[in-house]
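# Fold and geometry: a report
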Amino acid sequence: AYDPVSYQTMVMYSTGSAVKAYIVTEDGDNTVTAGSALTITGANGTANDHQPDLINTGERKWVVVYKKASDGYMNSRVLTTSGTTISEQTETTIKSEDTTRFNVSVNTETMGDYAAYTRLVYFRARNDSSADARILAATLDGNSISSVGSEHNLDTYTPNPGAAVYDPESNRFCSATRNLD
């Protein structure tokens, strides 16, 4: 996920047992610098069906969503950087239910009464026999994620991991997935 203000890219990957992230910078003359990898505390990186998602939400600030290793819940946190060093902010449980596939998106422009980069929308699938697609909203306030809203059931199909985006022209969030059924 690229930060166009600081010219940093945060790269996230699964090791098969954990989820890690690192920062890459390019100084304008093709010199690339990479920081040390940070293991996202508590994130489960063991299966393909619950890959984490990452978005840039401001200068030197990203939001990551992942499956918590200890209980399978959908959790999220803000990651910030200083140089190429990543710091984790407080973890927030988005949904206290075993979750599999998920995405996160943020409003990139003012949306009604909400300033740009303050509304997060999470798309997820339950990790049970129904695996319905669901959507939840939350507030991004500084380096904290709060005010997780009620969940809405989108459809009764098993979604494959996809992508979530905010469309400022229509003032809507969208998630694209592939039906596994």
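Above: the structure in question.
No experiment lies behind these values; they were computed from the predicted model shown.

Cut-offs applied
Within each chain, residue numbers correspond to sequence positions counted from 1 in written order. With pLDDT at 70 or above as the cut-off, local features in this predicted model cover only qualifying residues; side-chain atom pairs require 80 or more to be listed or tallied, and sums for whole chains, interfaces and linings still use all residues. As a rule here, side-chain values come from all non-hydrogen atoms in the structure, and water together with hydrogens is ignored. Put simply, DSSP H or I for four residues or longer makes a helix, DSSP E for two residues or longer makes a strand, and each gets a number counted from the N terminus. Relative accessibility decides the category of a residue: with a 1.4 Å probe and only protein chains considered, values under 20% of the type maximum give buried, values over 50% give exposed, and everything between is partly exposed. Any pair of residues with heavy atoms lying within 4.5 Å of one another is described as a contacting pair. Only the protein chains shown count as cover for residues, and all accessible areas are computed by the Shrake-Rupley method using a 1.4 Å probe. Note on pairing: DSSP must find at least two bridges between two strands before they are called paired.

This next bit is on the overall build of the protein chain. Tallying secondary structure elements over the protein chain gives zero helices and 17 strands in all. Every one of the 181 residues in the protein chain was classed for burial, and the buried ones make up 43%. Counted over contacts in the protein chain with a minimum sequence separation of 6, partners at least 24 positions apart contribute 46%. Element-wise, carbon and sulfur atoms account for 44% of the exposed surface of the protein chain, whose accessible area totals about 8,700 Å².

Let us now look at the pairing of strand 11 (residues 99-106). In terms of burial, strand 11 is largely enclosed, as eight of its eight residues are buried. Note: strand 11 against strand 12 (residues 119-126), six bridges, orientation antiparallel. Paired with Val104 across the two strands is Tyr122, which belongs to strand 12.

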